[in-house]
Amino acid sequence: MRRMELREAIVPVGRDFAMALRALWAVALMAVLSGARAPLGAQVAAGDSTVVRPKAPARAVAPASLHGIVTDSSNGNFLQGASVVLDAAGGGQRSALTDRNGFYQIGLIDPGAYVLRIAFLGYVPHEEKIVFAGGEQRTISVELEVSPVALEGIVVQDQAGGATQRTLGRQRIRPADLGRVVMPAASGDVAAYLQRLPGVVAEGDRGGQLFIRGGTPAENMALVDGTLIYQPFHIVGFFSAFPQELVADADFYAGGYGARYSGRTSSVLDVQMRSGNRSRYEASAGASPFLAEATVEGPLNGGQASWIASASKSLIDPTSSFLTGERQPLAFESQYLKLTSFLEEGSRCSVMGLRTYDEGRMDAEDAVSRVSWENVVAGGRCIMLFNEPMLRLLEVNFGYSTVRNAAVTRGSSAFRSSVSRLSHDAHTTNMIGAVPIEAGYHIYLETPTFDLAELFSNVRADDDFIFGANAYFEAGLKPTRRLAVTPGLVVMLAPGARLEPRLRASWQPWGRSTEEVTAALGLYHQDLTGVSDTRDPGSVFVAWMRPRDQKPMEAAHLLLGWQQTLASALHWSIEGYYKRLRNVPVPAWQAVVQYNTVLAKASGQVYGVDARVEYDRKPLYAFIGYGYGQTRYRTAQDNFEAWFGDSVQSFNPPHDRRHTVNASASLDIGRFTAQLGWQLGSGLPYTQPIGIDDWLAIPYDLEDVRARQGTTRMLLDRPYQGQMPAVHRLDASLKRSFGSKVGTLDVQLGVINAYDRRNMFFYDIYTGRRIDQLPLVPYLSLRLKSPGAAR
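Each residue is numbered by its place in its chain's sequence as written, counting from 1. In keeping with the model being predicted, local features are shown solely for residues with a pLDDT of at least 70 and side-chain atom pairs are shown and tallied solely at 80 or more, while totals for entire chains, interfaces and linings include all residues. Side-chain descriptors were evaluated using all non-hydrogen atoms of the structure, hydrogens and water having been removed beforehand.

### Section: the overall build of the chain
Link 1 in the chain: Here a strand is any run of E in DSSP of at least two residues, a helix any run of H or I of at least four, and the numbering for each starts at the N terminus. Counting secondary structure elements, the chain contains six helices and 49 strands.
Link 2 in the chain: Residue contacts are defined here by distance: any two heavy atoms, one from each residue, within 4.5 Å place the two residues in contact. Here the analysis covers contacts within the chain between residues at least 6 apart in sequence; of these, 65% occur between residues at least 24 apart.

### As for the pattern of salt bridges
Link 1 in the chain: Salt-bridge detection follows one rule: a side-chain nitrogen of Lys or Arg within 4 Å of a carboxyl oxygen of Asp or Glu. Considering all chains together, one arrives at 41 salt bridges under this definition.
Link 2 in the chain: The partner of arginine 421 in a salt bridge is glutamate 446, with the nearest N and O atoms 3.3 Å apart. Here arginine 421, found in strand β25 (residues 414–432), pairs with glutamate 446, found in strand β26 (residues 435–453); they are 25 residues apart in sequence, far enough to count as distant.
Link 3 in the chain: With relative accessibility at 14%, the residue arginine 421 sits in the buried group.
Link 4 in the chain: One salt-bridge network, held together by shared partners, links Lys313, Glu333, Arg355, Glu374 and Arg404. Only protein chains enter the accessibility calculation, which uses a 1.4 Å probe; a residue whose area is less than 20% of its type maximum is buried, one above 50% is exposed, and one in between is partly exposed.

### Concerning the nonpolar core
Link 1 in the chain: Put simply, a nonpolar core is a bunch of buried Ala, Val, Leu, Ile, Met, Phe, Trp, Tyr and Cys residues held in one set by side-chain atoms that sit within 4.5 Å of each other. Core analysis: the largest hydrophobic core is formed by 83 residues, its most contacted members being Leu194, Val236, Phe239, Phe242, Phe252, Leu269 and Phe290.
Link 2 in the chain: Leaving out residues up to four positions away in the same chain, leucine 194 has contacts with Ile173, Val200, Leu210, Phe233, Phe252 and Leu269.
Link 3 in the chain: In terms of nonpolar packing, the next biggest core, distinct from the first, is built from 21 residues, Leu66, Ile109, Ile130 and Phe132 among them.

### A look at the sheet that holds strand β16 (residues 247–253)
Link 1 in the chain: Two strands make a pair as long as DSSP finds a minimum of two bridges between them. Pairing is mixed in the open sheet, where five strands are placed in the order β11-β16-β17-β14-β15. Since the sheet does not close on itself, it has two edges, and those belong to β11 (171–173) and β15 (227–228), each with one partner.
Link 2 in the chain: By the bridge criterion, three bridges tie β11 to β16 in an arrangement that is antiparallel. Opposite arginine 172, over in β16, you have aspartate 251 as the bridge partner.

### Regarding the state of the cysteines
Each disulfide consists of a covalent bond between the sulfur atoms of two cysteine residues.
Link 1 in the chain: The definition used for a disulfide is geometric: two cysteine sulfur atoms within 2.5 Å. Inspection of every chain in the model, using the stated rule, returns one disulfide.
Link 2 in the chain: Disulfide pairing is shown between cysteine 349 and cysteine 382; the S-S distance is 2.0 Å. In this structure, the disulfide formed by cysteine 349 and cysteine 382 twists by about 110° around the S-S bond and is classed as right-handed. With cysteine 349 in strand β22 (residues 348–360) and cysteine 382 in strand β23 (residues 370–388), this pair connects stretches of sequence that are 33 residues apart.
Link 3 in the chain: Owing to a relative accessible area of 11%, cysteine 349 belongs among the buried residues under this scheme.

### Description of the pairing of strand β4 (residues 83–88)
Both faces of the sheet carry side chains from a regular strand, because those side chains alternate between them.
Link 1 in the chain: Sheet analysis places β4 next to strand β5 (residues 93–97), joined by five bridges and oriented antiparallel. From the neighbouring strand, leucine 86 faces β5, where its bridge partner is arginine 94.
Link 2 in the chain: Taking the residues between adjacent antiparallel strands as the criterion, β4 and β5 are bridged by four residues, where glycine 91 takes a positive phi near 100°.
Link 3 in the chain: Relative to strand β7 (residues 112–119), β4 runs antiparallel, the two sharing six bridges. Across the sheet, the residue bridging to valine 84 is isoleucine 118, located in β7.

### Quick word on helix α5 (residues 316–324)
Link 1 in the chain: All of the buried residues along α5 are Ile316, Ser320 and Thr324. Each buried residue of α5 lies within a common arc of 40° when the element is viewed along its axis, so the set occupies one face. Relative to its buried face, α5 has exposed residues pointing more than 90 degrees away, namely Pro318 and Phe322.
Link 2 in the chain: Of the surrounding elements, those touching the buried residues of α5 are β20 (305–314), β21 (330–342) and β49 (777–785).
Link 3 in the chain: Where α5 ends, the next residue or the one after it, glycine 325, has phi of about 85°, a positive value. Here the arc refers to the set of directions running from the helix axis out to each C-beta atom.

### Re the packing of aromatic side chains
Link 1 in the chain: To pair, rings of Phe, Tyr and Trp, with the six-membered ring standing in for Trp, must have centres within 6.5 Å; the planes then decide the type, stacked if under 30 degrees apart, edge-to-face if over 60, and tilted in the middle. Evaluation of the coordinates by the stated rule reveals 14 aromatic pairs.
Link 2 in the chain: Between phenylalanine 415 and phenylalanine 541, the aromatic rings sit 5.6 Å apart at their centres with planes inclined by 45°, giving tilted as the arrangement. Placement of the pair is phenylalanine 415 in strand β25 and phenylalanine 541 in the loop between β32 (529–531) and β33 (543–545), with a sequence separation of 126 residues.
Link 3 in the chain: One aromatic cluster is present, built from ring pairs that chain together Phe238, Phe239, Phe290 and Phe332.
Link 4 in the chain: Either the NZ atom of lysine or the CZ atom of arginine qualifies as a charge over a ring when it sits within 6 Å of the ring centre and within 35 degrees of the ring normal. In this arrangement the basic side chain of arginine 138 is found over the ring face of phenylalanine 132, its NZ or CZ atom lying 5.3 Å from the centre.
Link 5 in the chain: Across from the ring centre of phenylalanine 623, 4.7 Å away, lies the NZ or CZ of arginine 196, which sits over that ring.

### Some words on the confidence of the model for the chain
Link 1 in the chain: With 84% of its residues at a pLDDT of at least 70, the chain reaches an overall mean of 85.
Link 2 in the chain: The pLDDT value expresses, per residue, how confident the predictor is, ranging between 0 and 100. Note on residues 16–59: pLDDT under 50 across the span, and 87 contacts to partners over four residues away in sequence or across chains.
Link 3 in the chain: In the model, residues 150–159 has pLDDT below 50 throughout and makes 25 contacts with residues more than four positions away in sequence or in other chains.

### Let's talk about unusual backbone geometry
Link 1 in the chain: Residue proline 495 is bonded to the preceding alanine 494 through a cis peptide linkage, with omega at 10°.
Link 2 in the chain: Inspection of the secondary structure puts proline 495 in the loop between β29 (483–494) and β30 (498–507).
Link 3 in the chain: In this structure, proline 619 follows lysine 618 across a cis peptide bond, with omega equal to 10°.
Link 4 in the chain: For proline 619, the position within the fold is in the loop between β36 (599–617) and β37 (620–636).

### Some details on the pairing of strand β6 (residues 103–109)
Link 1 in the chain: Burial within β6 is extensive, with seven of its seven residues counted as buried.
Link 2 in the chain: Bridge analysis of strand β3 (residues 64–72) against β6 gives five bridges, and the strand direction is antiparallel. Looking across to β6, one finds that leucine 66 is bridged to isoleucine 106.

### Brief notes about a nonpolar patch on the surface
Link 1 in the chain: Patches here: salt-bridge-free residues with over 30% relative accessible area, like charges joined within 9 Å, nonpolar side chains (Val, Leu, Ile, Met, Phe, Trp, Tyr) joined within 5 Å. With residues, only the protein chains shown are counted as cover, and all accessible areas are computed by Shrake-Rupley using a 1.4 Å probe. A contiguous nonpolar patch, built from Tyr615, Leu620, Leu667, Ile669, Phe672 and Leu734 and spanning about 470 Å² of accessible area, is present on the exposed surface.
Link 2 in the chain: Examined against the element boundaries, leucine 667 turns out to sit in strand β39 (residues 659–669).
Link 3 in the chain: Residue classification places leucine 667 among the partly exposed residues on the basis of a relative accessible area of 33%.

### Focus on the side chain of aspartate 270
Link 1 in the chain: Summarising the element assignment, aspartate 270 is placed in strand β17 (residues 267–273).
Link 2 in the chain: With sequence-adjacent residues up to four places away left out, aspartate 270 is seen in contact with Arg100, Leu223, Asp249, Ala250, Asp251 and Tyr261.

### Digging into the side chain of aspartate 746
Link 1 in the chain: Looking at the secondary structure, you find aspartate 746 in strand β46 (residues 743–752).
Link 2 in the chain: Here the side chain of aspartate 746 touches lysine 785 through a polar contact of 3.5 Å, side chain to side chain.
Link 3 in the chain: The residues contacting aspartate 746, other than those within four sequence positions of it, are Arg736, Ser737, Ser781, Leu782, Arg783 and Lys785. N or O atoms closer than or at 3.5 Å make up a polar contact, with two conditions inside protein: a donor-capable atom paired with an acceptor-capable one, and, for residues adjacent in sequence, both atoms drawn from side chains.

### Examining the environment of leucine 599
Link 1 in the chain: In this structure, leucine 599 sits in strand β36.
Link 2 in the chain: Apart from residues no more than four positions distant in its own chain, leucine 599 is found in contact with Thr529, Val531, Met545, Pro547, Pro585, Val586, Pro587 and Ala588.

### Considering the environment of leucine 676
Link 1 in the chain: With respect to the helices, strands and loops of the structure, leucine 676 is situated in strand β40 (residues 672–681).
Link 2 in the chain: You can call leucine 676 partly exposed: its relative accessible area is 45%.
Link 3 in the chain: With 56 residues separating them in the primary sequence, leucine 676 and alanine 732 have C-alpha atoms 4.5 Å apart.
Link 4 in the chain: Among residues more than four places away in sequence, those in contact with leucine 676 are Val182, Ala663, Ser664, Ala665, Asp731 and Ala732.

If you want it as structure tokens, here you go:
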């Protein structure tokens, strides 16, 4: 189907969708009516849109509006943070920044002549003269060409990037940011980048689990091109399903996220994967002792479409014995494919598929225990630009995702768990006056199952069926020149009816974007949970299930922060947070060590503070972050009364890392780039053993205890009263690129754990042995890119 035919097939669907949302717009209009018509002498904002103009008499004609999409001409990728400026012929200026879909919109434009300028750092700016008639709705989408010359004179600067800058709770992660972290591979990765941020806790350098501001991995939402992926992080902690080679942009919310996201109670990682080059074929390949990877891409149908494919496979299992003197039995792989069809005015449709597989043993000397998981994700997305009165941008997603977990433990106990999800969601963006409105809905079907053959009980198996549906809207209000407020509401229709109000705000006390107070609060629920044996730090098996009482977990978030630019290259920020938790599913405590799917409910609270300082001016980049956090659960269980004389116990869960410090630096020295990364984390809680007994199975007759003593069991003390030692590590690397007509070769020499610190991963209470994280590991990585290959 040609582009025009495809667009003609989709446009009526979009119009029908707009009609269906009119009732929702009416509700949104009530919420924003006060901000829809700002005083003409004031500064009006629409999300990232601002206007400054002199006072004028009331308009005799209806105002005009402008919207469009800004993209990269070579691959069609959206350019987030591009500057869009309207200069009026008679003086005055309107401006906006593009969002994650490259979309911008400016309302309340007085009829007349203007000069439109669109610019993005590193690209050739676009400029044209336009004349607006009264009431006109104009659509202008632009493809910018890459320029080797840095742009100057950009009126609106994109300040959403960098480790210290957050916009209404959103931290933007750019591909260039990923390359600033020391990595034992040929390019960066989202997993390694996240672990250097305050408030993000990894229990070790393996396991594939991240805990964000007190939340468990199952409480984090990770999206790839709009489709959920359950367990995106690989078993070796540096890597994920999101390598630098494939990422176009990512939004990270450590809490307080808006109404667009629902179904998780801790954090959101929303990753947009890039499209393939639509102008020429490109390829790159890289190898290190940890990973081998390759990416190929190119145009289809004369540049009207593109494709990109990638594959990677870990090498640490076969290389670790040579590099470290001991085998690290850990392995992972991934495959990715994306096809994109480019339509008119920046619109496009794409389909993608992703598979990851991880397996390994947390303890190299335990020849029996093994864990594995496999993700399969497929999705389709259309982003369409319209010029309808009630519809300007429409995003539609369809997705399928599944994860399958398996584990074998001591005694050959076999655990299996899986969850599958079919989903559809749609989002539309419009403007009422100068107020941007986003609204949409989500529909999904989830089917979790588990089958656990436990050592001390019969086989336990169960499956479930969860149907979910919700609608939401969010408005970007600008009550004053210095204050931006974004209220939102999620209306949950299934599996249970409930409301989730959200509110995000920013205040610039001196009217400058370089000093800003940010705040967010909201209510969040989660029906599906992932249960791990948290008493054993070495266990990373996840059993996906729904609590038997079907009461969703609930979290209320409150965030308050300050961010400031001290100089053009020096930024700092601080943010405090508080979470109130209810109905947190935790495994029911047992004095005997065995995997347990019986869930108890806990309440809790999380509070802490993150502080960050960042310097970014060539040739030096430097970052240091400190995080303080405390997570505490309170739960009532019958077993507590029998063992400890009190049915209610309070404890800090095993991911409660009180202090974290992360520092990194990158220095360009001629043709070389030197990088350093250092991290420190206080010790994690764990449950201590108090003794050993022998267990006898007596099905019918009494056993002869003189001939058979039974099975030895480990007995546990009160939950999480012990503390493991602190961990710290220094990583370093030196890079150089060699260019020629046939391509570019990047060479990197580096070392992980440079001073060979013995960092404990966990303590095996069965054998009395400590299992450590990686020792000193030297590495050499190579990456070969064809001429002009991305990043």
